[in-house]
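# Structural overview for review
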Amino acid sequence: MRKIWSLALVLMFAFACFSCRRKTDKDKVSETRTSGNTTILVDETYARILDDQIEVFKSDYPDATVNVVVGNENEILPKFREGKTKMLILSRMLKPAEESFYKRKNSPIYTDRFAIDGLALIVNKSVSDSTITVEEAYKVMRGTSTTGKKLVFDNAYSSTIRYFIDSAGIKSLPEKGVYTLKTTDDVIKYVAEHKDYIGVIGVSWLLKNVKGASPYLSTIKTLAVKNLPDKKGGDAYYQPTQDNLINGKYPFLRNVYVINAEGTNGLGTGFANWLLSQRGQLIVLKSGLGPHKITDRELNFRTNDKK
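Residues numbered from 1 in each chain as written. Predicted model: local features only at pLDDT ≥ 70, side-chain atom pairs only at ≥ 80, totals over all residues. Heavy atoms only, no water.

### A look at the overall build of the chain
When helices and strands are tallied, the chain shows 12 helices and 12 strands. Looking at the chain as a whole, 43% of its 307 residues are labelled buried. Within the chain, contacts between residues separated by at least 24 positions form 74% of all contacts whose residues are at least 6 apart in sequence. (Helix = DSSP H or I, 4+ residues; strand = E, 2+ residues; numbered from the N terminus. Buried < 20%, exposed > 50% of the residue type's maximum accessible area, 1.4 Å probe, protein only. Contact = heavy atoms within 4.5 Å.)

### Observations concerning the environment of R81
Looking at where R81 falls in the secondary structure, it is placed in helix α3 (residues 73-81). Counting along the chain gives 18 residues from R81 to E99, while the straight-line C-alpha distance between them is 6.7 Å. Sequence-distant contacts of R81, that is, excluding residues within four places in its chain, are made with E98 and F101.

### A few points about the environment of N260
By the secondary structure assignment, N260 is in strand β11 (residues 253-260). Residue classification places N260 among the buried positions, given a relative accessible area of 5%. Linking N260 and A272, residues 12 residues apart in sequence, is a C-alpha distance of 7.3 Å. Sequence-distant contacts of N260, defined by excluding residues within four places in its chain, comprise K86, M87, P108, I109, Y110, G268, T269 and A272. Of note is the side chain of N260, whose polar atom sits 3.0 Å from the backbone nitrogen of E262. (Polar contact = N/O pair within 3.5 Å; in protein donor to acceptor, adjacent residues only side chain to side chain.)

### With respect to the packing of aromatic side chains
This model, assessed by the stated rule, comprises 12 aromatic pairs. With a centroid separation of 5.0 Å and 35° between ring planes, the pair formed by F80 and Y102 is classed as tilted. Note that F80 is positioned in helix α3 and Y102 in helix α4 (residues 100-104), a separation of 22 residues in sequence. Across the pair, Y102 and F80 agree in class, each one buried. Their ring planes at 65° and their centres at 5.8 Å tell us that Y179 and Y197 sit as a pair that is edge-to-face. Here Y179 is found in strand β7 (residues 178-180), whereas its partner Y197 is found in the loop between α7 (184-193) and β8 (198-202), with 18 residues between them in sequence. Among the residues examined, Y179 registers a relative accessible area of 32% and is labelled partly exposed. A network of ring pairs unites the aromatic residues F153, Y163, F164, Y250 and F252 as a single cluster. We note R48 situated over the ring of W205; from NZ or CZ to the ring centre the distance is 4.5 Å. (Phe/Tyr/Trp six-rings, centres within 6.5 Å; stacked < 30°, edge-to-face > 60°. Lys NZ or Arg CZ within 6 Å of the ring centre and 35° of its normal.)

### What to know about the pairing of β11
For β11, the buried fraction is high: 6 of the 8 residues fall into the buried class. In terms of strand pairing, strand β3 (residues 87-90) meets β11 through 4 bridges, oriented antiparallel. When the bridges of β11 are listed, L90 appears paired with Y257. For strand β4 (residues 110-124) and β11, the ladder comprises 8 bridges, and the chain directions are antiparallel. Within β11, the residue paired with R113 across the bridge is Y257. (Pairing = 2+ DSSP bridges.)

### Structural notes on the environment of G268
Following the sequence through the fold, G268 ends up in helix α11 (residues 267-275). Among the residues examined, G268 registers a relative accessible area of 0% and is labelled buried. Between the C-alpha atom of G268 and that of V66, which follows or precedes it by 202 residues, the distance is 8.2 Å. Non-local contacts of G268, meaning those with residues more than four positions away in its chain, are made with T38, M87, N260 and E262.

### Comments concerning the nonpolar core
Within the largest apolar cluster, 52 residues are counted, with the highest numbers of intra-cluster contacts made by I89, F114, L121, M141, F164, F252 and F271. With 6 residues, β4 is the largest single contributor of residues to this core. Those residues in contact with F114 that sit more than four places away from it in its chain are I89, V256, Y257, V258, L275, L276, Q281, V284, P291 and H292. Listed in part, the 12 residues of the second largest apolar core include L77, F80, Y102 and A261. (Core = buried A, V, L, I, M, F, W, Y, C linked by side-chain atoms within 4.5 Å.)

### Some remarks on unusual backbone geometry
Most peptide bonds take the trans form, and the phi angle of most residues other than glycine is negative. The phi torsion at N106 lies on the positive side, around 50°, for a residue other than glycine. Topologically, N106 is positioned in the loop between α4 and β4. Since its relative accessible area comes to 68%, N106 is described here as exposed.

In short, shape yes, function no, at least from these values alone.
Structural data, given as structure tokens:
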């Protein structure tokens, strides 16, 4: 009797182990373009916009897990350059030196624009000014402005201030007139409380109506901007609306790129391609940004043969 009981215990234990292992194998998701696990480094300006994309992508493909690491350029680029994470959402294309790790390994990097963003200039609603020219903003950046205007940015290492440094053609910030805080929330709050400052923030941030800054959004307004005379948008003042992002008339435009160096046909590649798909582009359009391309809608007309 004891032998039979012992044998039964052994069989029960073996069956439990087999069932456990079978369940583990079943639960393990294989890596494909629509399943598995991937991580993306994201410029903090686009974190909330990308959340929408991931949410819909996940609803389409439940076996896909897209992890996001958010930070400013100074924080996320080293992780990409060193090959620690091989996908990146950035507001510019990579420089040759930033591709050196992958070139040494003969690993290709695929860069695709999937959205058009802009940089909005905001002021306190009580300020009488409602316009500014690109040249005026550049003069503040160069330290040659005589208007008393002052610009305030999110932080010293963000893509926002880097854009203005590059556009104004300067190598360092002036001693006066340009200031940096820590976050976009801080900029909105600061402008709401200080009437003599112009804040510079991503249009995408305004469109998502940041929850932490929402009490202050009602006290600020965006300035219309006129471009340089020989540039598109140099004929009038334009607000950072979606139409003006798409038609290119708003001067402070920047592209949003997905940069993929995974080198495999896995989930990262699948998600990057999905961002450029009709479904991904419709989400960009719905967000208020400019999509990379606008897909024509196909209309099917049905005729009623019944009389």
